[in-house]
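Residue-level listing of the chains:
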Amino acid sequence: MMLAAPAIISTTAQQQQPEWQSQYAVGLNKLDPHTYVWPYADASEVEKGTFEQSPYYMSLNGQWKFHWVKNPDTRPKDFYKPSYYTGGWADIKVPGNWERQGYGTAIYVNETYEFDDKMFNFKKNPPLVPYKENEVGSYRRTFKVPAGWEGRRVVLCCEGVISFYYVWVNGEFLGYNQGSKTAAEWDITDVLNDGENVVALEVYRWSAGAYLECQDMWRLSGIERDVYIYSQPKVAIRDFRVTSTLDDTYKNGIFKLAMDIRNNTSQPSKDYVIGYKVLDPKTDKVIAAFEMNTAIGANQTIPLFEEVKIEVLDDGKVIKTVEQKLTNAIEIDVPNAVLWSPESPKLYHLNIVLSNGGRVLDRVKSYFALRKVDVRKDECGYNRICLNNQPIF
């Protein structure tokens, strides 16, 4: 669908307001938030942890075409259409705030709203922000989908754009986002062309969300964090969540893992194998591992794991097998854990693999620490913040 006109938002004045004037327009058509699941092509990439080098990751950082206006009414309303001519536009670096690149004025304030000022002819009135003085940056660039992405899902990610933006690909309206410091993603698989593609963002300096961003800092605008696309198999690891702590002896670790697998096809998927390995941060030896078979219905996301058998290893030998019946998480003990501290920031490695018919389809990697922070009373009865049973404050 196309964005034909701003949505009508009810206000006390019963005026028509665009989405960026509403505290309720947090986002539209965005994918659910999740842990980073950048896909790796092979095991060597996983070991290096260099997702930027993966053939399934493509950065859109760099030079974009850019047009800037002081008043939203004078913005180029049809700029997102591939046929729109941008040859006379300037170039701007992404990521980067436009105030740092010759457009508008960076404003520093401590505790007030920068737009609550006679300079902008505006008095604070949440959720409304200035209209005529609200700068708009229109961004465009082209890209080609890398070879080898055929038959895979493609996702566009904007890590951080301040303050509010609409986004299009090839003239198709994807949605909008108002969370300027949080990543937003859209599935763009069905709007891509075989050749050149056009991505466009219409960015507003202020929005209703600006009322939540009144901190002691410079007030800046634009695409200020990475923009990229990545591709996943149609059946892929959608999300995972790690929780880690220590037992009461502060010697043994407790590791919990929950995971979601997503089938983005219209057909049920079966005979998939999901597995993970945990590697010791000192020796790189596998200390815990498991695999299990799973089936996923069409266009469904399933939480794992309902019933699993977990092998706990010590020096490569299985020291015990744990059977658990859980809805979406597993828990294992890590004896004689390598503890994390600022002086020795050791991290365990977590590798997750999804395969089918012996062929690996999806790989992700993460790190986690085993440590425990709590508050305990000292010998004088004062509360002390402790890390791994040692007072630090």
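Please refer to the structure higher up on the page.
Here is a short report on the structure shown in this document.

What counts as what
Residues numbered from 1 in each chain as written. Predicted model: local features only at pLDDT ≥ 70, side-chain atom pairs only at ≥ 80, totals over all residues. Heavy atoms only, no water. Helix = DSSP H or I, 4+ residues; strand = E, 2+ residues; numbered from the N terminus. Buried < 20%, exposed > 50% of the residue type's maximum accessible area, 1.4 Å probe, protein only. Contact = heavy atoms within 4.5 Å. Areas by Shrake-Rupley, 256 points an atom, 1.4 Å probe, with all protein chains shown as cover. Salt bridge = Lys/Arg side-chain N within 4 Å of Asp/Glu carboxyl O. Lys, Arg positive; Asp, Glu negative; His and termini not counted. Polar contact = N/O pair within 3.5 Å; in protein donor to acceptor, adjacent residues only side chain to side chain.

Let's talk about the overall build of the chain
Thought 1: Scanning the chain for helices and strands turns up one helix and 28 strands.
Thought 2: Considering the chain as a whole, with its 393 residues, one finds that 49% of them fall into the buried category.
Thought 3: When contacts within the chain are restricted to residue pairs at least 6 apart in sequence, long-range pairs at least 24 apart make up 69% of them.
Thought 4: Entry remark: accessible area of the chain is about 20,100 Å², with carbon and sulfur atoms responsible for 49%.

Here's the deal with the environment of leucine 339
Thought 1: Topologically, leucine 339 is positioned in the loop between β23 (329–334) and β24 (348–356).
Thought 2: With relative accessibility at 26%, the residue leucine 339 sits in the partly exposed group.
Thought 3: Residues leucine 339 and asparagine 252, 87 residues apart in the sequence, show an inter-C-alpha distance of 8.9 Å.
Thought 4: If sequence neighbours within four positions are ignored, leucine 339 has contacts with Leu246, Tyr250, Ser344, Leu370 and Asn388.

Points about the pattern of salt bridges
Side chains that differ in sign of charge can pair as their charged atoms come close.
Thought 1: Enumeration according to the criterion identifies 15 salt bridges in this entry.
Thought 2: Among the ionic pairs, aspartate 187 bridges to arginine 153, the shortest N-O distance being 3.0 Å. Of the two residues, aspartate 187 sits in strand β11 (residues 184–187) while arginine 153 sits in strand β7 (residues 153–158), which places them 34 residues apart along the sequence.
Thought 3: Overall, aspartate 187 belongs to the partly exposed group, its relative accessible area being 35%.
Thought 4: Here arginine 153 falls in the buried class, since its relative accessible area comes to 10%.
Thought 5: Three or more residues joined by partner-sharing salt bridges are found here, namely Arg238, Asp239, Arg241 and Asp260.

Digging into the side chain of glutamate 159
Thought 1: Along the chain, the position of glutamate 159 falls in the loop between β7 and β8 (161–162).
Thought 2: Lacking a salt bridge, the buried glutamate 159 has arginine 225 as its closest oppositely charged neighbour, with an N-O distance of 5.9 Å.
Thought 3: Reaching out from glutamate 159, the side chain makes a polar contact with the side chain of tyrosine 228 at a distance of 2.7 Å.
Thought 4: Those residues in contact with glutamate 159, other than ones at most four positions away along the chain, are Tyr36, Trp38, Lys181, Thr182, Ala183, Arg225, Asp226 and Tyr228.

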